Every structure is written in structure tokens, then in C-alpha cells.
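The lines below spell out each chain.
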Amino acid sequence: MKKNFITAVLLFAAVFANAQYRVNAGASAGSGASMISFGVEREFNIVSKKLHVNPGIRFNAFNGSNLDYITAPAEYTVNDDHVDTVRFSNANSNFANLYVRIGYDISDKFLLSFDIDIVGVSFGAEQDNLFVRPGKSQRDYYNMNPSLLISPAKATPTSINALLIGDNDLGSLNSTLNLTYNFTKRIAVDAGVGLVFTEYTTDYGIGYDQNDRFRNKNMMGYLGVSYLLGDK
């Protein structure tokens, strides 16, 4: 038993002694919004030395002004009449997610990669004085209650994030397509474009069928830098 334990410890140490980690930081900008990101990922080569599948964890701090958030749940977005819009004068959402990057070395200097968030958590400031633009199914109700177009509801970032494909997604998620240039064996610069989802949940249902989840999708340009830790 003791011999097996020592063997396991030595194998664990051997694997992680040669581990490579890439630390990255960057900034994104889009329509009415900006975001900073910090991440770290484990470098893996799959099939060949050119193909990478890297798991990691990333923190994103998103800020926006006068952004439209539309009905989020897929069960409602399939019908445009059921889609309501809520405008946030300020949106401040922080989210930390596990993600995966798939990359391919085009050459010694250039790498093409795609990364996407998988699951995590969000937090941020509470929002109020929400301006509601109802969809067709809700217009009669708001026409009879025009004072509610400035909703007394409050909204906070949806706490749980999960990649579930399309409008089934939950919470806030970040994905980026990048071209990386390796200045040195350790320092690299990333340039790309990303799609950032941020989502808020109101404290009670203000949308069609008492929906309380609203999502903004923002296409953003990305510029970042990364540093490789470990043996090269």
C-alpha cells in the first residue's frame, strides 16, 4: 500500500513538473460596452504538437450603458411576439467561468484559436428604473398601465452561468476567436473578435408569461497579451 502511494505521488509530481500554464489578460470593446478579462489555462497538445485543447478559468468584468436586454428563455424567443426588451442605463456584471480553448499552430509565430465559457457564476450591482419596451403580446397590458414602462422591478446578474447551446444558455458567457502572435517563446499578443452574453434576472416577472430573465448579446473586438509559465 505504501509503495503504491509513493508511486502515485511520483507520477503526479512528474506530470505537473512539466506542466505549462498560460496566463492572459485583455480588453474588449463593443457597441455601448467594454470588458476586461483575466484568465489562466493549462496547455495540452492533442494528437500533434500543433493542436491544443486547453481548459482554464477566466474572470470577466463587463460594463455598458443604455443597453437593450431582450427576453432570454428559448421557450419564448421562438415567437417574436413574446420577446420583450428592457433597457439598462448602466450594466455592470462580473462573471467567472471555466472555459476551454481549441488552438492550432499555423507556424512557430502564429496560432489560431477559439475559446468558449462552459460554466460559472456571476455577480454585480443591482439595477433599477428599468425602461420596458413590450413585445406584441404584452402591449395591451402596458398600454393600460403606462406608468409601468419605467418598471419598479430591480434586476441583478443571473447568478449561474451554463453553456447549453443557443438561447438555452443560462447567464453570462464569453467566447472569442483569436489570432495570436508569439513575440518570444513565452510572450504573445492576441487579437480577435468575441461574442459576449450578459444576463439579468428581475426580482419579479415583468415580461410575457411572467418572464424574469433578459439577455444582451454584444459582438466585441478583443486585444490581449499572454505569458507562458513552465518549461518550454
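As a reminder, the structure under discussion sits directly above these lines.
Definitions and cut-offs
Residues numbered from 1 in each chain as written. Predicted model: local features only at pLDDT ≥ 70, side-chain atom pairs only at ≥ 80, totals over all residues. Heavy atoms only, no water. Helix = DSSP H or I, 4+ residues; strand = E, 2+ residues; numbered from the N terminus. Buried < 20%, exposed > 50% of the residue type's maximum accessible area, 1.4 Å probe, protein only. Contact = heavy atoms within 4.5 Å. Areas by Shrake-Rupley, 256 points an atom, 1.4 Å probe, with all protein chains shown as cover. Lys, Arg positive; Asp, Glu negative; His and termini not counted. Charge placed at Lys NZ, Arg CZ, Asp CG, Glu CD. Salt bridge = Lys/Arg side-chain N within 4 Å of Asp/Glu carboxyl O. Phe/Tyr/Trp six-rings, centres within 6.5 Å; stacked < 30°, edge-to-face > 60°. Lys NZ or Arg CZ within 6 Å of the ring centre and 35° of its normal. Core = buried A, V, L, I, M, F, W, Y, C linked by side-chain atoms within 4.5 Å. Polar contact = N/O pair within 3.5 Å; in protein donor to acceptor, adjacent residues only side chain to side chain.

Novice: I'd like to hear about the overall build of the protein chain, residue by residue, with values.
Specialist: The number of helices and strands found in the protein chain is three helices and twelve strands. Its C-alpha atoms give the protein chain principal-axis dimensions of roughly 75 × 45 × 30 Å. Looking at the 232 residues of the protein chain, the share that counts as buried comes to 41%. Looking at the protein chain alone, contacts between residues at least 24 apart form 66% of all its contacts between residues at least 6 apart. When the accessible area of the protein chain is evaluated, it comes to approximately 12400 Å², of which 63% is carbon and sulfur surface. For the protein chain, the centre of its 20 positive side-chain charges and the centre of its 22 negative side-chain charges are spaced 13 Å apart.

Novice: Give a detailed account of the pattern of salt bridges, specifying residues and quantitative values.
Specialist: This structure, assessed with the given rule, holds twelve salt bridges. A salt bridge links Glu 43 to Arg 22, with the nearest nitrogen and oxygen atoms 3.1 Å apart. One end of the pair, Glu 43, is in the loop between strand E2 (33–42) and strand E3 (51–71); the other, Arg 22, is in strand E1 (residues 21–30), and 21 residues separate them in sequence. The two residues Glu 43 and Arg 22 agree in class, both being buried. Measuring nitrogen to oxygen at the nearest pair gives 2.8 Å for the salt bridge that ties Glu 199 to Arg 213. Residue Glu 199 is located in strand E11 (residues 187–202), and its partner Arg 213 is located in strand E12 (residues 213–229); the two are separated by 14 residues in the primary sequence. Each member of the salt-bridge network shares a partner with another, and the members are Glu 41, Arg 58, Arg 101, Asp 115 and Asp 117.

Novice: Kindly report on the packing of aromatic side chains, identifying the contributing residues and their values.
Specialist: By the definition in use, this model includes eight aromatic pairs. Seen from their ring centres, Tyr 76 and Tyr 208 are 5.7 Å apart, and the 85 degrees between their planes marks the pair as edge-to-face. Within this pair, whereas Tyr 76 is found in helix H2 (residues 74–77), its partner Tyr 208 is found in the loop between E11 and E12, the two being separated by 132 residues in sequence. Given the relative accessible area of 26%, Tyr 208 is considered partly exposed. Each residue in the set Tyr 69, Phe 88 and Tyr 200 is aromatic and connected to the rest through ring pairs, giving one cluster. The positively charged end of Arg 42 is found above the aromatic ring belonging to Tyr 21, 5.8 Å away from the centroid. Over the face of the ring belonging to Tyr 99 we find Arg 58, whose NZ or CZ atom lies 4.2 Å from the ring centre.

Novice: Report on the nonpolar core, specifying residues and quantitative values.
Specialist: In terms of nonpolar packing, the biggest core is built from 19 residues, with Phe 62, Tyr 69, Phe 88 and Ile 206 touching the most fellow members. Here the element with the most residues in this core is strand E4 (residues 85–105); it accounts for four residues.

Novice: Any chance you could break down the side chain of Asn 182 for me, citing the residues and the numbers?
Specialist: You can see Asn 182 is positioned in strand E10 (residues 173–182). Among the polar contacts made by the side chain of Asn 182, one reaches the main-chain carbonyl oxygen of Asp 108 at a distance of 3.3 Å. Setting aside anything within four residues of it in sequence, one finds Asn 182 in contact with Asp 108, Lys 109, Phe 110, Ile 187 and Ala 188.

Novice: With reference to specific residues and values, describe the environment of Ala 153.
Specialist: Structurally, the position occupied by Ala 153 is in the loop between strand E7 (150–151) and strand E8 (155–157). Overall, the relative accessible area of 0% leaves Ala 153 in the buried class. Those residues in contact with Ala 153, other than ones at most four positions away along the chain, are Gln 127, Asp 128, Asn 129, Leu 130, Thr 202, Asp 203, Tyr 204 and Ile 206.

Novice: Run through unusual backbone geometry, naming residues and quoting values.
Specialist: Its identity is not glycine, yet Ile 165 carries a phi of approximately 80 degrees, on the positive side. By the secondary structure assignment, Ile 165 is in the loop between strand E9 (160–162) and E10. Exposure remark for Ile 165: the relative accessible area of 61% places this residue in the exposed category. Even without being glycine, Gln 210 reaches a positive phi, approximately 60 degrees. As for its position among the elements, Gln 210 is in the loop between E11 and E12. On the basis of relative accessible area, Gln 210 is assigned to the exposed category, the value being 58%.

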